[in-house]
Amino acid sequence: MLGACSRVLRRAQPRLLPASESQRPLRLQMPTRARATFQSLEDCLVLDDGGTPVRLNYLWLRDHCRSPSSYNPQTNQRNLDTGSVDLNVRPDHTTVEDGHLVLTWPGGHVTKYSLSWLAENSYEGKKQSTVQPRILWNSDIYKNATPPSAKWDTFMSSDDEVKKFLHNYLLYGIAFVDDVPATVEATEAVAKRVSLIRETTYGRMWCFTSDFSRGDTAYSQLALDRHTDTSYLQEPCGIQVFHCLKHEGTGGRTLLVDGFYAAEKVRQQSPENFELLARVPIGHEYIETSDDHRNHMTGIGPVLNVYPWNKEMYLIRYNNYDRSVINTIPHDCVQRWYVAHRELTTELRRPENELWVKLTPGKVIFIDNWRVLHGRESFTGLRQLCGCYLTRDDVLSSARGFGLQA
Ligand SMILES: [Fe+2]
């Protein structure tokens, strides 16, 4: 299976979007011509409207019919029973009229698609578009961009402020709300303003100090190297929320690293290493056997996860603390995997890629745990942190509700 290490994943999209470009969705635009042309081949219909020709499977064309009998516009759900459609269905008649593809099927049913809908929803269109526009950053890029923080008062009362906050969060993978009262209750209120809280073994809202109350290094004063959280879950938590309620001592700055920026460097330098990290699944594990807490969780998946159709990254799992025994890689590929992993580690550890932030009472940070790694320096004194996880699906749903591309 791993003999195909030379196969290379490449992205169709620019890796780093300038701010002006990232504001607008990337969609396949079909130049409008006086008349689109089509060709009925044996296995598909080829539509050419002057841009990238799109190939449309005939069963797909019947299955996606948006007529009321096939698709309910009120519920946005399919009415058609796809299982009852002839697998070899072909239209009796095809034509292009007024910017629409019109198909007449055996039995007389008519399907009408706008050419722009087909361009956007075809595989070719999907392949050339970005699911979520992002601005990848190192320390200088982020500092020069100076994305604004939201303010507690307006954040809690203005939907427009939440929209701006989500826009920044989607682009950079981190976003801040300032002037939040330094309480667990206010932190929960800020989190709920964005989405649903994801309850885990740590509770709904968690609060920790360096008291070793749980079997995790986070509950100590030790430095923590950059990592993503809950890599040991099959679906790692999507968003992490932190609020430092109190710190009487020194140190304890938070480290943030854009994992996608580092991984894109690997893709540019060593596509074969990127491909290996994106294809080989490895395990992460969390075992806790205290009197009060018994947990044994496992999550298995590649370090880098990309959408198969456009090679866009959507998830990085990187946690050297929780990585479990590697027994999912054949012996002749293990060394290559370590080399690839080392290259990613080198990129993640470059000082210029590190953004250090001192979290103070009132400043709540939201971190995309599928993209941005976090860590901390060691500290002295009492440091009390609270926070929670949010479900990724619901955060993205909120963003789409605001018309943002996510
Ligand atoms: Fe963590």
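As shown above, the structure is provided for reference.
Residues numbered from 1 in each chain as written. Predicted model: local features only at pLDDT ≥ 70, side-chain atom pairs only at ≥ 80, totals over all residues.

Reading across the sheet, the three strands line up as β1-β2-β3 and stay open at both edges, with antiparallel pairing between neighbours. Every other strand in the sheet has two partners, leaving β1 (37-40) and β3 (54-56) as the edge strands with one partner each. Direction aside, neighbouring strands of the sheet carry axes that sit 20° apart on average. Pairing geometry for β1 and strand β2 (residues 45-48), over four bridges, is antiparallel. By the bridge assignment, Gln39 is partnered in β2 with Val46. (Pairing = 2+ DSSP bridges. Helix = DSSP H or I, 4+ residues; strand = E, 2+ residues; numbered from the N terminus. Axes fitted to C-alpha atoms, helices over the stretch in contact; angles between N-to-C directions.)

It is worth spelling out the packing of helix α9 (residues 259-269) against helix α11 (residues 331-348) at this point. Contact geometry of α9 with α11 gives a least axis separation of 9 Å together with a crossing angle of 130°. What the angle tells us is that α9 and α11 run oblique. As for the relative orientation of α9 and α11, their crossing is right-handed in sense. Two secondary-structure elements touch here, α9 through Gly259, Ala262, Ala263, Lys265 and Val266 and α11 through Glu343, Leu344, Glu347 and Leu348. Split by residue class, the contact of α9 with α11 holds five nonpolar, one polar and three charged. (Parallel < 35°, antiparallel > 145°, perpendicular 65-115°, else oblique. Left-handed = near helix turned anticlockwise from the far one by under 90°. Contact = placed C-beta atoms within 7 Å. Nonpolar A, V, L, I, M, F, W, Y, C, P; charged D, E, K, R; others polar.)

Moving on to the sheet that holds strand β13 (residues 224-227). Pairing within the open sheet is antiparallel, and its four strands lie in the order β13-β22-β15-β20. Pairing within the sheet leaves two strands with one partner each, and these edge strands are β13 and β20 (355-357). On average, adjacent strands in this sheet sit at an angle of 20° to one another, irrespective of strand direction. When strand β15 (residues 254-258) meets strand β22 (residues 372-376), the two strands line up antiparallel, connected through five bridges.

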